[in-house]
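Structural description and commentary
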Amino acid sequence: MRAPWDKPWQVEEVDPAVVERLAIAHAPYREAVEMGVDIVSDPHAEDDDGYNWTVLSRARDVNDVTPGSTVVMGSVIGSYLAKVVAWDFEVSGTDPIVVLDLLPVTPKSVADALARTGSPAA
Amino acid sequence: MTVPPAPRGRKTRLVRPGDVPDDLMLVIRAVPANRSAAVEEMADRAQLSASVYVVEQSGKWCLLFGVSVFAHRLGRDATDVLRRFPRAPMFVEAPVGTVRAAGFEVVPTGTDADHFDVQLIAGVVEPDAPPSEAEVRAAATRLLDTTGEWRPNPSYAGEAGERFEED
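Given the structure is predicted, the values throughout are model-derived calculations rather than measurements. (Residues numbered from 1 in each chain as written. Chains lettered and ligands numbered in written order. Predicted model: local features only at pLDDT ≥ 70, side-chain atom pairs only at ≥ 80, totals over all residues.)

Moving on, we come to the interface of chain B and chain A. Of the residues lining the interface, 29 residues belong to chain B; the matching set on chain A comes to 23 residues. Elements supplying a minimum of two residues to the side of chain B that touches chain A: strand 2 (25-31) and helix 1 (35-52) of chain B. When residues of the side of chain B that touches chain A are assigned to their parent elements, the largest contribution, 5 residues, is made by helix 1 of chain B. Here the residues of the side of chain B that touches chain A sort into 13 nonpolar, 6 polar and 10 charged. (Contact = placed C-beta atoms within 7 Å. Helix = DSSP H or I, 4+ residues; strand = E, 2+ residues; numbered from the N terminus. Nonpolar A, V, L, I, M, F, W, Y, C, P; charged D, E, K, R; others polar.)

Okay, the sheet that holds strand 9 (residues 151-152) of chain B next. Residue and element names in this part refer to chain B. The strand order across the open sheet built from 6 strands is 7-8-5-2-6-9, with neighbouring strands paired in antiparallel fashion. At either margin of the open sheet sits one strand with a lone partner, and together these are strand 7 (105-107) and strand 9. Where strand 2 lies against strand 5 (residues 66-72), 3 bridges are found, and the strand directions are antiparallel. Bridging across to strand 5, Val27 finds its partner in Phe70. (Pairing = 2+ DSSP bridges.)

The subject of this paragraph is the pairing of strand 4 (residues 60-63) of chain B. Residue and element names in this part refer to chain B. Where strand 3 (residues 53-57) meets strand 4, 4 bridges bridge the pair, whose relative direction is antiparallel. Bridge assignment links Val55 to a residue of strand 4, and that residue is Cys62. Hairpin geometry of strand 3 and strand 4 is characterised by an intervening segment of 2 residues between the two adjacent antiparallel strands and by a positive phi of about 55 degrees at Ser58.

Okay, here's the thing in structure tokens:
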């Protein structure tokens, strides 16, 4: 896999049929629901390429954490914005590793910027 | 020594070559104010790591009950590391030698030169019965006990993360 600073727009897409299959089998991760985030991870964690990582079973909704998605990642030390870079099926075909690129901005700073500029996305 | 092939169903963790000096300072954790929450998270992540990664140790592929930590090099303070954890009110650190003296191996993992895993439970290979959650939690507690006092995170941005520290 590429390093985080190389081709930041690149993602490894997953077959929509696979996403659908995993979404049907998925139960929302309780802590993600309680935190009101898309997926739970540990912001300390780094894989061999320098990305953050967790597993799909820790997501609230599979469809919100597909590669290319922007997500709010929750942890015991707060929430972080991240981009989903890839799903890695090497270890499990049913609970892939979710590879995350943590973004160096806080969720609130982004919400403030969107609100300040009257963005329709705010 | 010939190392057997890595077990299927696990990823082989990249271990960087070279020694890890005893005086290298590690930010063990950016932590919440609640110690038990910190222990629970470390234990949980170590178990998740062991479900994914193996490392070669003494000729065997051992499950990596890894806790990710970051080094801050001589002459640089912890702020460079802590900038990435603006929502953590506190942090704890310890030199590699102190962590080793408590019986933990510090493994230089991944391509990030400042990233290491502390192996919470050493020597577990795949056919072995895994350690209990209580054992992993006890090891996480022992690791936290190696650290000095809990110190305020200079990059802390408050509960809502109003700011993100810059130089």
